[in-house]
Amino acid sequence: MTSPAFTAALQRVNDPDGALELLTINHASFDSPVRIVNDTRSWVSGGATFQAFPFRLTMPQEVGGEAARAAIEIDNVGRDLMADLEALPPGAVLMATVQIASRADPDTVEWSWSAPMVGVQANAAVISASLGVDYIMRQQAVRLRHDPITSPGIFQS
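Residues numbered from 1 in each chain as written. Predicted model: local features only at pLDDT ≥ 70, side-chain atom pairs only at ≥ 80, totals over all residues. Heavy atoms only, no water.

Visitor: Any chance you could explain the pattern of salt bridges here in plain terms?
Guide: By the definition in use, this model includes 3 salt bridges. Salt-bridge contacts for Arg56 lead to Glu73; the nearest nitrogen and oxygen are separated by 3.4 Å. In this pair, Arg56 is assigned in strand 5 (residues 55-58) and Glu73 in strand 6 (residues 69-75), connecting sequence segments 17 residues apart. A relative accessible area of 36% places Glu73 in the partly exposed class. Across the pair Asp75 and Arg56 runs a salt bridge, and its minimum N-O distance is 2.8 Å. Remark: Arg56 occurs in strand 5 and Asp75 occurs in strand 6; sequence separation between them is 19 residues. Here the salt bridges share partners, and the residues they tie into one network are Arg56, Glu73 and Asp75. (Salt bridge = Lys/Arg side-chain N within 4 Å of Asp/Glu carboxyl O. Helix = DSSP H or I, 4+ residues; strand = E, 2+ residues; numbered from the N terminus. Buried < 20%, exposed > 50% of the residue type's maximum accessible area, 1.4 Å probe, protein only.)

Here is the structure:
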């Protein structure tokens, strides 16, 4: 929930501070989470340093028949982020947390959202991925289902 002061600052025509977009990418195999900020300089928020990496976040849209998902594109500057992604095991699902904070008070997170980061693709210029629960929602609820292939005796032919 955003504070009234932050909301009022965002609605000003000339907000002197502005907002910070913080992104934390985590996986069990990482030594420490990858923390980046959509800015030209690094910031410290909540005692953690967020490295400057320009990125673009497209928020989820409501589309009939589809699960809501956001899209993210991170500029592929340097090899630091690519080295972490290339070391992941096949089929790994990353967790991404997007946070919004004011530049005037980066320790106070005004809004936060976490989702699995799937479909990661990279080239020389951009790392792109989808953020959403579609991956989880499409998984089976149980390991073994009863269908004509796994339990042919209980189905009439």
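The rest of the description comes next.
Visitor: Whenever I open this one, the sheet that holds strand 7 (residues 94-102) confuses me. Can you help?
Guide: Working definition: the strands of a sheet are paired by backbone hydrogen bonds and lie parallel or antiparallel to each other. The strand order 3-4-2-1-7-8-9-6-5 describes an open sheet built from 9 strands, whose pairing is mixed. Strands with a single pairing partner mark the edges of an open sheet, and in this sheet they are strand 3 (43-45) and strand 5. Taken over all neighbouring pairs, the strand axes of this sheet differ in orientation by 30° on average, direction set aside. Of the pairings in the sheet, the one linking strand 1 (residues 19-26) to strand 2 (residues 34-37) comprises 4 bridges and is antiparallel in character. Paired with Leu22 across the two strands is Val37, which belongs to strand 2. The strands touched by helix 1 (residues 4-11) within the sheet are strand 1, strand 7 and strand 8 (109-122), with strand 7 carrying the most contacts at an inclination of about 80°. (Pairing = 2+ DSSP bridges. Axes fitted to C-alpha atoms, helices over the stretch in contact; angles between N-to-C directions. Contact = heavy atoms within 4.5 Å.)

Visitor: Can you walk me through the side chain of Ser45 in this structure?
Guide: Relative to the helices and strands, Ser45 resides in strand 3. One polar contact links the side chain of Ser45 to the main-chain carbonyl oxygen of Pro106, over a distance of 2.5 Å. Aside from chain neighbours lying at most four places away, what touches Ser45 is Leu22, Phe50, Pro106, Asp107 and Val109. (Polar contact = N/O pair within 3.5 Å; in protein donor to acceptor, adjacent residues only side chain to side chain.)

Visitor: Mind showing me how you'd approach the nonpolar core here?
Guide: In summary, soluble globular proteins display a tendency toward joint burial of nonpolar side chains. Core analysis: the largest hydrophobic core is formed by 22 residues, its most contacted members being Leu23, Ile25, Ile72, Ile74, Met117 and Leu131. Look past the residues within four positions of Leu131 in its chain and what remains in contact with it is Leu57, Arg69, Ala70, Ile72, Ala96, Val98, Trp113, Ala115, Pro116 and Met117. (Core = buried A, V, L, I, M, F, W, Y, C linked by side-chain atoms within 4.5 Å.)

Visitor: In this structure, what is going on with the pairing of strand 1? I would like to understand it.
Guide: For a regular strand, the rule is simple: side chains alternate between the two faces of the sheet. Relative to strand 7, strand 1 runs antiparallel, the two being bridged by 8 bridges. Considered in strand 7, the bridge of Ala19 is made with Ser102.

Visitor: What is the right way to look at the environment of Val98 in this model?
Guide: Looking at where Val98 falls in the secondary structure, it is placed in strand 7. Once you skip the residues sitting within four places of it in the chain, Val98 turns out to touch Leu22, Leu23, Leu57, Trp111, Ser112, Trp113 and Leu131.

Visitor: Before we go on, may I ask you to explain the environment of Val133 in this structure?
Guide: Its location among the elements puts Val133 in the loop between strand 9 (126-132) and helix 3 (134-137). Taking the C-alpha atoms as reference points, Val133 and Pro116, separated by 17 residues in sequence, lie 6.2 Å from one another.

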